[in-house]
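What follows is the residue order along each chain.
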Amino acid sequence: MDNLNFIFFEEFKHLDKLCGELYDVERDGITSYINDMESVVPYNYRNIANWKEDLEQLIRLRHIRNNLAHAPGAFDEETCTQKDINWVQDFYERILHQLDPIAMLYQKNKEQGQVLENQKINEKNQLLNPLNNNINGILQLDDKLYDDIDEKNKIVLWKKCLTIVIAAIVGITLGLLIWLIFGSY
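Residues numbered from 1 in each chain as written. Predicted model: local features only at pLDDT ≥ 70, side-chain atom pairs only at ≥ 80, totals over all residues. Heavy atoms only, no water.

Q: Any chance you could explain the overall build of the protein chain here in plain terms?
A: Along its length, the protein chain carries eight helices and zero strands. Walking the protein chain from its N terminus toward its C terminus, one meets helices and strands in the order α-α-α-α-α-α-α-α. Residues classed as buried in the protein chain amount to 25% of the 185 residues present. Residue pairs at least 24 apart in sequence account for 60% of intrachain contacts in the protein chain once pairs closer than 6 positions are excluded. (Helix = DSSP H or I, 4+ residues; strand = E, 2+ residues; numbered from the N terminus. Buried < 20%, exposed > 50% of the residue type's maximum accessible area, 1.4 Å probe, protein only. Contact = heavy atoms within 4.5 Å.)

Q: For this particular structure, what's the right way to read the side chain of Asp84?
A: Residue placement: Asp84 occurs in helix H5 (residues 82-96). For Asp84, a relative accessible area of 6% translates into the label buried. The residues touching Asp84, leaving out its near neighbours within four places in the chain, are Phe8, Gln57, Arg60, Leu61 and Ile64.

Q: Which parts of the structure should I look at to understand the pattern of salt bridges?
A: Any two side chains of opposite charge can pair, so long as their charged atoms come close to each other. This model, assessed by the stated rule, comprises four salt bridges. A salt bridge links Glu10 to Lys13; its shortest N-O distance comes to 3.0 Å. Placement of both Glu10 and Lys13 in helix H1 (residues 4-23) is noted, with a separation of three residues, approximately one turn of the helix. Exposure remark for Lys13: the relative accessible area of 41% places this residue in the partly exposed category. (Salt bridge = Lys/Arg side-chain N within 4 Å of Asp/Glu carboxyl O.)

Q: Just checking my understanding: could you explain the side chain of Asn5 for this structure?
A: Following the sequence through the fold, Asn5 ends up in helix H1. In this structure the side chain of Asn5 is engaged in a polar contact, spanning 3.5 Å, whose partner is the backbone nitrogen of Cys80. Residues in contact with Asn5, not counting those within four places in the same chain, are Leu68, Ala74, Phe75, Glu77, Glu78, Thr79 and Cys80. (Polar contact = N/O pair within 3.5 Å; in protein donor to acceptor, adjacent residues only side chain to side chain.)

Q: Looking at this structure, how should I read the nonpolar core?
A: Looking at soluble globular proteins, one finds that nonpolar side chains tend to be buried together. Counting residues in each nonpolar core, the largest one holds 30 residues, and the members touching the most others are Phe8, Leu15, Tyr33, Trp51 and Leu58. Listing elements by their share of this core, those giving two or more residues are H1, helix H2 (29-38), helix H4 (51-70), H5 and helix H6 (101-128). In this view, Trp51 contacts Met37, Val40, Tyr45, Pro101, Ile102 and Leu105; residues no more than four positions away in its chain are not counted. (Core = buried A, V, L, I, M, F, W, Y, C linked by side-chain atoms within 4.5 Å.)

Laid out in structure tokens, this is it:
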């Protein structure tokens, strides 16, 4: 019968090597992965399934591996189970398929970042393009609507905008002059 400790040790080495490649480190790939998980604020991983369980299991299995590697005679007694080996193999596959906690967190953050970026772009476009008011008065980006406006209407709109800007400049200038003249007494 095969010694489970040897099988576990080899599977753990494969996982450690994969994690090392992810973090671009020669040694301690799983430790880097664990440190990465521990650095994440609970609020950020609250929607990642089994985050705490995976972290606890990685720490526990790393301890078993370290015991096997450094304790004299550790391989003589079964310190791990087939379930531990299966978990290491499963976690290896989860990393390969980007279903591990860090990959899922990255994906979640990427999606949220994209949503926020899209919101910022839409808000910016709404502020910059007052031509696109819909029926409810909500500003929307609609390039087709802008393209459909004929040149004459564009010129009229620009004249109105320019008039408003000039009126604002004149008003500010007059206000400053009045303040300078009457404010100095």
